[in-house]
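These are the residues of each chain, in order.
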Amino acid sequence: MLKIENLHASVAGKEILKGINLTIGAGEIHAIMGPNGSGKSTLSNVIAGRDGYEVTQGTVTYKGHDLLAMEPEERAWEGVFLAFQYPVEIPGVNNTYLLKAGVNAARRHRGEQELDAMEFMQLVREKAKLVELDQSFLSRGVNEGFSGGEKKRNEIFQMAVLEPSLALLDETDSGLDIDALRIVAKGVNTLRAADRSIIMITHYQRLLDYIEPDVVHVLADGKILKTGDKSLALELEERGYDWVRAEEAAA
Amino acid sequence: MSEVKQERKPEEFAGREYQAGFITDIESDTLPPGLNEDVVRHISAKKNEPEWLLNWRLEAFRHWQTMTEPHWPNVSYTPTDYQSISYYSAPKSQADGPKSLDEVDPKLLETYAKLGIPLREQEFLAGVAVDAVFDSVSVATTFKGKLKDVGVIFCPISEAVRDYPELVQQYLGTVVPTGDNFFAALNSAVFTDGSFVFIPKGVRCPMELSTYFRINALNTGQFERTLIIAEEGSYVSYLEGCTAPQRDENQLHAAVVELVALDDAQIKYSTVQNWYPGDEDGLGGIYNFVTKRADCRGARSKVSWTQVETGSAITWKYPSCVLRGDDSVGEFYSVALTKMHQQADTGTKMIHIGKNTRSTIVSKGIAAGFGNQSYRGLVKIGKSAEGARNYTQCDSLLIGDKCGAHTFPYVEVKNPTATMEHEATTSKIGEEQLFYCKSRGISEEDAVNMIVNGFCKDVFNELPMEFAVEANRLMEVSLEGAVG
Ligand SMILES: Nc1ncnc2c1ncn2[C@@H]1O[C@H](COP(=O)(O)OP(=O)(O)OP(=O)(O)O)[C@@H](O)[C@H]1O
Ligand SMILES: [Mg+2]
């Protein structure tokens with residue numbers, strides 16, 4: 001699904017990613033953990049194609065194509081989805097309207113018939129149930145006045161509607177209360193599929209109790225320092241990140 | 001004057017009115033450029049006006065001569081040479097216009113198509129010589145019939161002067177006096193036509209009144225005069241302009257609009273202004289210097305101004321409300337877009353005089369390219385305006401970094417019981433917002449349109465339904481090429 005090789009990227013002239021290597025197979029869930037400022041969001045922004053993130057070296061191959069050559073919207077049409085760490089508010093733009101434009105743009109791209117208003121509303125209602133998002137959020141402005149947790153839930157709702165092949169969840173669990181975390185995790189688990197890969201960025205082992213990852217990576221100082229299975233997350237929870245850095249330095 | 005009104009039932013007015021139809025019957029020529037008393041007399045004579053109106057015009061002209069053009073707006077332009085304008089010209093014969101749409105500038109047609117304007121209307125707007133485009137269509141006939149039934153008068157103001165002189169004399173210039181300002185004085189001296197609306201007591205006008213339905217109103221020239229009177233308990237929604245760019249050879253437009261709302265009356269006045277903005281280098285384009293004012297004379301009366309301003313090289317306009325009646329309400333909802341080298345200095349004045357008067361101001365300014373714009377608003381609470389309230393919100397949205405937005409809010413409060421609320425924001429179309437949309441599969445252009453239309457939503461919501469949809473399209477078409 002996704003293959004990242006020796007990826008270097010800088011923001012505002014400062015190198016943040018310093019040689020990332022990562023391979024994610026179809027249907028896999030990978031968790032990325034790491035200290036604040038280590039480059040996790042930078043990595044997800046680079047994958048989603050945000051302006052201002054300059055790739056200086058390396059390649060990103062998605063479904064066999066050069067992902068870095070595509071515009072952000074093309075990436076979305078091809079099934080890349082980013083759930084933002086800090087979803088932005090777009091006042092006055094109807095949540096459903098934005099999603100409909102996105103879904104239909106992707107359908108046009110694939111040569112499929114666009115969904116009409118009725119079909120789309122049906123889809124949206126069904127998906128809103130999945131993350132137990134109240135119908136009232138559908139007609140509100142995009143994230144406008146949403147609480148922190150509501151914004152996160154809205155991101156997963158959008159993911160459910162857009163049905164991506166590669167989803168990057170950037171700290172979707174941060175700011176969720178315990179019930180919301182359970183609901184969001186349930187939603188993500190429902191979206192788990194053989195042809196859908198998920199990258200979860202998180203600081204908390206707790207999320208991984210709900211959504212079980214196949215692989216756990218530690219990203220620090222712009223590099224993947226360690227890769228393991230679920231037990232690595234438990235170990236990090238207990239011991240912090242310093243020992244990983246120490247191990248790396250010793251190697 | 002009021003006894004005149006009582007003697008003549010509105011139905012009678014309406015009956016006379018619609019026999020005459022909308023076609024004015026002035027045989028005319030064109031005056032050489034220049035302005036003096038003879039020109040004013042000539043215009044008045046051409047229109048067979050009663051003496052009081054000639055005197056009124058002359059008084060305005062004399063006043064105008066003592067005035068100087070104001071330079072306080074935050075705009076810059078080459079001053080107009082008032083002696084180089086012709087103040088009376090024959091309505092253009094259709095024979096001079098293009099023979100078919102094939103002869104019309106393809107660029108203009110492209111814009112019409114994008115705005116979804118039907119073919120027949122395209123011909124009409126582009127000045128194609130076609131026989132009585134609208135008079136023959138059933139919609140216009142039904143329209144007239146319905147108005148007549150309820151006694152609403154809606155006609156060119158020159159016709160109103162002829163057919164309802166008492167009404168015109170009673171109200172003309174009572175909201176915007178002849179010497180109010182430089183441009184209003186000029187307009188009063190030389191106006192050639194405009195619209196007249198009279199809604200009798202207790203009548204709810206059964207449809208949106210639009211100048212669109214009046215063929216000859218489109219060529220009222222540069223000094224348009226509009227007078228709307230809503231009697232006690234009546235309601236009217238009036239739509240001015242249209243989204244399609246209109247051909248006009250005159251550079252200076254100095255219109256005056258006067259609204260009078262009596263007890264419990266409501267007037268909703270919506271404008272979509274899309275005059276020629278000039279070319280990409282800032283050459284040409286209309287100067288739009290308009291005086292619009294409403295007099296909420298009656299208790300519990302209400303006037304709402306809603307405007308979408310996307311055209312003109314320079315816009316200078318402050319639709320205002322004088323809240324004289326107790327509990328009267330004034331509202332101003334505005335979207336102004338300036339792109340390329342357009343300049344706009346616009347806003348409103350809310351003058352609170354009556355008790356418990358309320359006003360709401362929502363102004364949305366969008367600047368792109370080298371566009372420059374200012375919100376200028378005055379809220380004045382007089383001594384007598386016990387319990388007055390105002391809410392002002394002015395937001396500016398910048399697209400790109402060569403444009404500018406400014407706000408000049410003026411507040412004068414003479415009554416301590418007044419409540420004032422003011423909110424102002426300036427934001428750039430955020431890279432974050434754009435990226436968010438793109439990451440959901442939406443192209444940059446669509447994303448900008450979406451964000452801008454979202455920004456304008458509070459104002460578009462105030463427009464009559466079909467106008468709101470058009471306004472959305474208009475913003476999209478106007479923004480094309482403004483981004484990137
Ligand atoms: N636009 C920018 N300008 C300057 N520095 C930036 C910019 N964006 C990111 N950085 C820097 O890049 C580094 C990595 O940031 P990033 O957001 O990727 O961290 P993160 O791993 O997601 O952290 P957190 O766990 O706190 O979310 C930080 O030091 C940050 O300050
Ligand atoms: Mg982050």
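Structure shown above.
Here's what I pulled together on the structure shown here. (Residues numbered from 1 in each chain as written. Chains lettered and ligands numbered in written order. Predicted model: local features only at pLDDT ≥ 70, side-chain atom pairs only at ≥ 80, totals over all residues. Heavy atoms only, no water.)

## Comments concerning the overall build of chain B
Note the following rule: Only DSSP runs of H or I reaching four residues or more are called helices, and only runs of E reaching two or more are called strands; each is numbered from the N terminus. Categorising residues by exposure relies on relative accessible area from a 1.4 Å probe, with only protein chains included: less than 20% of the type maximum marks a residue as buried, more than 50% marks it as exposed, and the intermediate range marks it as partly exposed. In what follows, a contact means two residues having at least one pair of non-hydrogen atoms within 4.5 Å. Method for areas: the Shrake-Rupley scheme with a 1.4 Å probe, in which residue coverage is limited to the protein chains shown.
Helices and strands together make up the secondary structure of chain B, namely 13 helices and 19 strands. Per-residue burial over chain B gives 59% buried out of 484 residues. Residue pairs in contact within chain B that sit at least 24 positions apart in sequence constitute 85% of those at least 6 positions apart. Entry remark: accessible area of chain B is about 19,300 Å², with carbon and sulfur atoms responsible for 50%.

## A look at the site of ligand 1
Residue and element names in this part refer to chain A. Which entries qualify depends on this criterion: Nearness here has a simple test: a residue counts as near a molecule or strand if at least one of its heavy atoms is within 4 Å of that partner. Here a polar contact means two N or O atoms within 3.5 Å. Within protein one must be a hydrogen donor candidate and the other an acceptor candidate, and residues neighboring in sequence count only if both atoms are side-chain atoms. Residue polarity follows a fixed list, in which Ala, Val, Leu, Ile, Met, Phe, Trp, Tyr, Cys and Pro are nonpolar, Asp, Glu, Lys and Arg are charged, and the others, Gly among them, are polar.
As a matter of local geometry, ligand 1 sits amid 15 residues, with Gly-37, Lys-40, Ser-41, Thr-42 and His-203 nearest to it. One of the side-chain N or O atoms of Asn-36 is found 3.0 Å from an oxygen atom in ligand 1. Ser-41 is positioned with one of its side-chain polar atoms (N or O) 2.8 Å from an oxygen atom of ligand 1. Out of a free accessible area of 640 Å², ligand 1 has 64% covered by protein chains. Elements represented by at least two residues in the shell around ligand 1 include exactly strand 2 (14–24) and helix 1 (40–48). Sorting elements by how many residues they give to the shell around ligand 1 places helix 1 first, with 3 residues. Tallied by class, the residues present in the shell around ligand 1 amount to 4 nonpolar, 8 polar and 3 charged.

## Some remarks on the interface of chain A and chain B
It is common to report an interface's size as the accessible area lost on association of the parts. Heads up, the rule is: Buried area counts how much accessible surface, traced with a 1.4 Å probe, disappears from two parts once they are put together, with both parts' losses summed. Take a side-chain nitrogen of Lys or Arg and a carboxyl oxygen of Asp or Glu: if they are within 4 Å of each other, that pair is a salt bridge.
Listed by partner, the interface residues are 32 residues for chain A and 18 residues for chain B. Surface buried jointly by chain A and chain B totals about 2,000 Å² across both partners, of which 64% is contributed by carbon and sulfur atoms. Area buried by chain A at its contact with chain B is led by A:Arg50, A:Glu73 and A:Val88, which between them contribute 25% of it. Counting every contact that joins chain A to chain B gives 2 salt bridges. The salt bridge involving B:Glu431 is made with A:Arg50; its shortest N-O contact spans 3.1 Å. Along the contact surface separating chain A from chain B lie 9 residue pairs in polar contact (both at pLDDT 80 or more).

## What to know about helix 4 (residues 51–65) of chain B
All names here are of chain B. Put simply, the test is: In a helix, the anticipated span is given by 1.5 Å times the number of residues less one.
For helix 4, built from 15 residues, the straight-helix expectation of 21 Å at 1.5 Å per residue is met to within 8% by its first-to-last C-alpha distance of 21 Å. For helix 4, the full list of buried residues reads Leu-53, Leu-54, Trp-56, Arg-57, Leu-58, Ala-60, Phe-61 and Trp-64. Turning to helix 4, the residues buried within the fold contact helix 3 (37–46), helix 8 (157–163), helix 10 (182–190) and strand 4 (225–230).

## Focus: the coordination of the magnesium ion (ligand 2)
Residue and element names in this part refer to chain A. The line we're drawing: In this analysis a donor is any N, O or S atom within 2.8 Å of a metal ion (3.2 Å for sodium, potassium and calcium), and since water is not included, sites may seem incomplete.
Within the protein, Ser-41 (OG) and Gln-85 (OE1) serve as the donor atoms for the magnesium ion (ligand 2), at 2.0 to 2.1 Å. One end of the pair, Ser-41, is in helix 1; the other, Gln-85, is in the loop between strand 6 (80–83) and strand 7 (90–94), and 44 residues separate them in sequence. Under the relative-accessibility criterion, Gln-85 is labelled buried at 16%.

## Let's talk about the sheet that holds strand 17 (residues 389–399) of chain B
Residues and elements named next belong to chain B. To keep it simple, the criterion reads: In this analysis, strands are considered paired if DSSP registers two or more bridges between them. Only the contacting stretch of a helix is used when fitting its axis, a line to C-alpha atoms as for every element, and angles between N-to-C directions run 0 to 180 degrees.
On the basis of which strands lie adjacent, the open sheet formed by 8 strands has the order 3-5-8-10-13-15-17-19 and parallel pairing. Strand pairing shows two members of the sheet lacking a second neighbour, strand 3 (209–210) and strand 19 (419–428), which therefore form its edges. Where helix 12 (residues 444–460) meets the sheet, its contacts fall on strand 10 (302–309), strand 13 (329–338), strand 15 (358–368) and strand 17, and the angle it forms with strand 15 comes to roughly 165 degrees.

## What to know about a negative patch on the surface
Residue and element names in this part refer to chain A. So the rule is basically this: Within this analysis, patches are made of residues with over 30% relative accessible area and no salt bridge. Like charges are joined at 9 Å or less; nonpolar side chains (Val, Leu, Ile, Met, Phe, Trp, Tyr) at 5 Å or less. We treat Lys and Arg as the positive residues and Asp and Glu as the negative residues; His and chain ends play no part in the count. Charge placement uses NZ in Lys and CZ in Arg. For Asp and Glu, CG and CD serve respectively.
On the surface, a cluster of negative charge is contributed by Asp-209, Glu-212, Glu-237 and Glu-238. Inspection of the secondary structure assignment puts Asp-209 in helix 7 (residues 205–210). When its relative accessible area of 48% is taken as the criterion, Asp-209 is described as partly exposed.

## Some words on the environment of B:Asn449
Residue and element names in this part refer to chain B. Structurally, Asn-449 can be placed in helix 12. Taking the C-alpha atoms as reference points, Asn-449 and Arg-300, 149 residues apart in sequence, are found 38 Å from one another. For Asn-449, the contacting residues outside a window of four places in its chain are Met-475, Glu-476 and Leu-479.

## Some remarks on the packing of aromatic side chains
Our working rule: Think of it this way: a Phe, Tyr or Trp ring, Trp meaning its six-membered ring, pairs with another when their centres are within 6.5 Å, and the plane angle makes it stacked under 30 degrees, edge-to-face over 60, tilted otherwise. Sitting over a ring, as applied to charges here, requires NZ of Lys or CZ of Arg to be within 6 Å of the ring centre and within 35 degrees of the ring normal.
Per the counting criterion, the structure on display carries 18 aromatic pairs over all chains. Geometrically, the ring pair formed by B:Tyr164 and B:Phe196 is stacked, given 6.4 Å between the ring centres and 20 degrees between the ring planes. Linking B:Tyr164 in the loop between helix 8 and helix 9 (165–171) with B:Phe196 in strand 2 (residues 195–199), this pair joins segments that are 32 residues apart in sequence. B:Phe196 gets classed as buried once you look at its relative accessible area, which sits at 0%. Pairwise contacts between aromatic rings join B:Phe61, B:Trp64, B:Tyr82, B:Phe182, B:Phe183, B:Tyr287, B:Phe289, B:Trp316 and B:Tyr318 into one cluster. Positioned above the aromatic ring of A:Trp243, the side-chain terminus of A:Arg239 is 4.3 Å from the ring centre. For the cation-ring pair, B:Lys364 lies above B:Phe455, with the distance from its terminal atom to the ring centre recorded as 5.0 Å.

## Observations regarding the pattern of salt bridges
By the definition in use, this model includes 32 salt bridges over all chains. Note that A:Glu132 and A:Lys186 form a salt bridge whose closest N and O atoms lie 3.4 Å from each other. With a gap of 54 residues between them, A:Glu132 in the loop between helix 4 (117–130) and strand 8 (141–142) and A:Lys186 in helix 6 (residues 178–191) connect regions that are remote in the sequence. According to the relative accessible area criterion, A:Glu132 is partly exposed, its value standing at 43%. A salt bridge links B:Arg293 to B:Asp180, with the shortest nitrogen-to-oxygen separation between them at 2.7 Å. Of the two residues, B:Arg293 is situated in strand 9 (residues 287–296) and B:Asp180 in the loop between helix 9 and helix 10; the sequence distance between them amounts to 113 residues. Salt bridges sharing common partners tie together A:Arg107, A:Arg110 and A:Glu112.

## A closer look at unusual backbone geometry
Residue and element names in this part refer to chain B. Phi is positive for Arg-300, which is not a glycine, with a value near 60 degrees. Tracing the backbone through its elements, the reader meets Arg-300 in the loop between strand 9 and strand 10. Exposure remark for Arg-300: the relative accessible area of 44% places this residue in the partly exposed category. Its identity is not glycine, yet Ser-312 carries a phi of approximately 70 degrees, on the positive side. Mapped onto the elements of the fold, Ser-312 is located in the loop between strand 10 and strand 11 (314–317).

## Comments concerning the sheet that holds strand 12 (residues 223–228) of chain A
All names here are of chain A. Strand order in the open sheet formed by 6 strands is 6-9-10-3-11-12, with mixed pairing between adjacent strands. Edge strands, defined here as strands with exactly one partner in the open sheet, are strand 6 and strand 12. The average undirected angle you get between the axes of adjacent strands in this sheet is 20 degrees. The strands that helix 5 (residues 148–162) touches are strand 6, strand 9 (166–170) and strand 10 (197–201); relative to strand 6, the one it contacts most, it runs at about 165 degrees.

## Structural notes on the nonpolar core
The test is simple: Residue types Ala, Val, Leu, Ile, Met, Phe, Trp, Tyr and Cys, when buried and joined through side-chain atoms within 4.5 Å, form a set referred to as a nonpolar core.
If you look at the biggest cluster of nonpolar residues, it comprises 64 residues, and the most contacted ones within it are A:Leu2, A:Ile4, A:Ile20, A:Leu43, A:Ile47, B:Ile366 and B:Val452. No other element matches helix 12 of chain B, which puts 9 residues into this core. Not counting the four nearest positions on each side in its chain, A:Ile4 is found in contact with A:Ile20, A:Asn21, A:Leu22, A:Leu43, A:Ile47, A:Thr59 and A:Val60. Core analysis: the second largest hydrophobic core is formed by 54 residues, B:Leu58, B:Tyr82, B:Ile153 and B:Ile157 among them.

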